[in-house]
Amino acid sequence: MLSQMGFHPFLMPLIMQNRDAIGLENEQIKVFRAWRSKNRVPLIHAMNRIIQERVAFQRISLNPRTSEEVLRAKQEEIFKLYRKVLEYQLSCRRNILDTFTDEQWEEFGFVLTENGYSLD
């Protein structure tokens, strides 16, 4: 549901499935697995919280007794969760940028195109 928020953590399975085509070395695979081990669960938890809070926001916004201040505060909580997810996305992106060689970026570009991603 939230995968449109940013691709990088969601591209890691694609990277791992195509590691031979990309030319990943064992050390690079270890780097990606270490990032996933450290960040996967907290990222999923934050994304699930966003879904829960959005549902709660919709529910309370339909109550005529809910004040605008309460709605603003609830929306601010949601924004903070989105920011948290963004930080995970940027961390994953940085991990990929720091790990891939230029040649691997080119190979990954082919993988992305073959999987329906448009590149600039």
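Look a little higher up for the structure.
Concerning the packing of aromatic side chains
Under the counting rule described, the total for this entry stands at 4 aromatic pairs. Summarising the aromatic geometry, the rings of F100 and F108 are spaced 5.4 Å apart at their centres and angled 75° between planes, so their arrangement reads as edge-to-face. In this structure F108 comes out as buried when scored by relative accessible area, which is 2%. Through successive ring pairs, a cluster of aromatic residues spans F32, F100, W105 and F108.

Remarks on helix 5 (residues 102-114)
Given a rise of 1.5 Å per residue, 13 residues ought to cover 18 Å, and the 19 Å separating the end C-alpha atoms of helix 5 matches this to within 8%. Of all the positions in helix 5, only Q104, F108, G109, V111 and L112 are classed as buried. Down the axis, helix 5 shows its buried residues gathered within 165° of arc, on one side only. Within helix 5, the exposed residues directed more than 90 degrees away from the buried face are D102, E103, E106, F110, T113 and E114. In the segment just after helix 5, G116 is the residue with positive phi, at about 90°.

Some points on the packing of helix 3 (residues 26-61) against helix 4 (residues 68-99)
Relative orientation and spacing of two packed helices are given, respectively, by the angle between their axes and the distance between those axes. In the contact formed by helix 3 and helix 4, the axes pass within 9 Å of each other and the chain directions differ by 165°. Comparing their axes, helix 4 and helix 3 come out roughly antiparallel. By crossing handedness, the relation of helix 3 to helix 4 is classed as left-handed. For the contact of helix 3 with helix 4, the residue count by class is 20 nonpolar, 7 polar and 6 charged.

With respect to the side chain of T99
Along the chain, the position of T99 falls in helix 4. If near-sequence neighbours (up to four positions away) are discounted, T99 is found in contact with Q28, V31, F32 and Q104.

Observations concerning helix 4
In this model, helix 4 (32 residues) spans 46 Å end to end at C-alpha, consistent with the 46 Å of a helix rising 1.5 Å per residue. All of the buried residues along helix 4 are L71, K74, I78, L81, V85, Y88, Q89, C92, N95, I96 and T99.

Let's talk about the pattern of salt bridges
Pairing between side chains becomes possible if they bear opposite charge and their charged atoms approach one another. On inspection of all chains with the given rule, the structure shows 6 salt bridges. We note a salt bridge from D98 to R94, for which the minimum N-O separation is 2.8 Å. Here D98 and its partner R94 are both found in helix 4, 4 residues apart, which amounts to about one turn of the helix. Here D98 falls in the exposed class, since its relative accessible area comes to 54%. Look at R94 and you get partly exposed, because its relative accessible area is 43%. Put simply, R49, E53, K74 and E77 are held in one network by salt bridges that share partners.

Re the nonpolar core
Formed by 16 residues in total, the largest nonpolar core has its most connected members in I15, I22, L24, F32, I96, F100 and F108. At the level of elements, helix 1 (8-17), helix 3, helix 4 and helix 5 are the ones that each hand at least two residues to this core. Element by element, the count of residues in this core is highest for helix 1, at 5 residues. Not counting residues up to four positions away in its chain, the partners in contact with F100 are I15, I22, L24, Q28, F32, W105 and F108. Core analysis: the next-biggest nonpolar cluster, separate from the first, contains 7 residues, I50, L81, V85 and Y88 among them.

Calculation criteria
- Residues numbered from 1 in each chain as written.
- Predicted model: local features only at pLDDT ≥ 70, side-chain atom pairs only at ≥ 80, totals over all residues.
- Heavy atoms only, no water.
- Phe/Tyr/Trp six-rings, centres within 6.5 Å; stacked < 30°, edge-to-face > 60°.
- Buried < 20%, exposed > 50% of the residue type's maximum accessible area, 1.4 Å probe, protein only.
- Helix = DSSP H or I, 4+ residues; strand = E, 2+ residues; numbered from the N terminus.
- Expected span 1.5 Å × (residues − 1).
- Arc of directions from axis to C-beta.
- Axes fitted to C-alpha atoms, helices over the stretch in contact; angles between N-to-C directions.
- Parallel < 35°, antiparallel > 145°, perpendicular 65-115°, else oblique.
- Left-handed = near helix turned anticlockwise from the far one by under 90°.
- Nonpolar A, V, L, I, M, F, W, Y, C, P; charged D, E, K, R; others polar.
- Contact = heavy atoms within 4.5 Å.
- Salt bridge = Lys/Arg side-chain N within 4 Å of Asp/Glu carboxyl O.
- Core = buried A, V, L, I, M, F, W, Y, C linked by side-chain atoms within 4.5 Å.

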